[in-house]
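A look at the structure
Chain by chain, the residues run as shown.
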Amino acid sequence: MHADVHHLLHTVESAELRSRARAFRLPRTSLRTRVGWTLVEVGLRLTTESREATAPRTAAFHPA
């Protein structure tokens with residue numbers, strides 16, 4: 001196979017693969033929004049769990 005033909009086939013194939021990849025790409029704004037809200041949810045869970053975990057321990061402690 002000649003180098004020119006090989007280069008032409010490679011160029012056509014890569015253009016086709018790029019066009020297919022664009023069709024499956026997720027929009028960045030929705031992904032960033034989902035990740036952001038997930039981090040907010042995790043942060044809220046961590047803060048509420050830490051408060052609930054410490055409150056019963058201190059309330060259940062009875063000095064002798």
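Details of the structure are given in the entry above.
No experiment lies behind these values; they were computed from the predicted model shown.

As a further point, take the overall build of the chain. Along the backbone of the chain there are two helices and zero strands. A burial count over the chain gives 2% of its 64 residues as buried. In the form shown here, the chain has an accessible surface area of approximately 6,500 Å², with 64% of it arising from carbon and sulfur atoms.

Now for the pattern of salt bridges. Applying the stated criterion across every chain yields a total of two salt bridges. We note a salt bridge from R20 to E16, for which the minimum N-O separation is 2.6 Å. Remark: E16 and R20 occur in helix α1 (residues 3-23); sequence separation between them is four residues, near one turn of the helix.

Basis of the calculations
- Residues numbered from 1 in each chain as written.
- Predicted model: local features only at pLDDT ≥ 70, side-chain atom pairs only at ≥ 80, totals over all residues.
- Heavy atoms only, no water.
- Helix = DSSP H or I, 4+ residues; strand = E, 2+ residues; numbered from the N terminus.
- Buried < 20%, exposed > 50% of the residue type's maximum accessible area, 1.4 Å probe, protein only.
- Areas by Shrake-Rupley, 256 points an atom, 1.4 Å probe, with all protein chains shown as cover.
- Salt bridge = Lys/Arg side-chain N within 4 Å of Asp/Glu carboxyl O.

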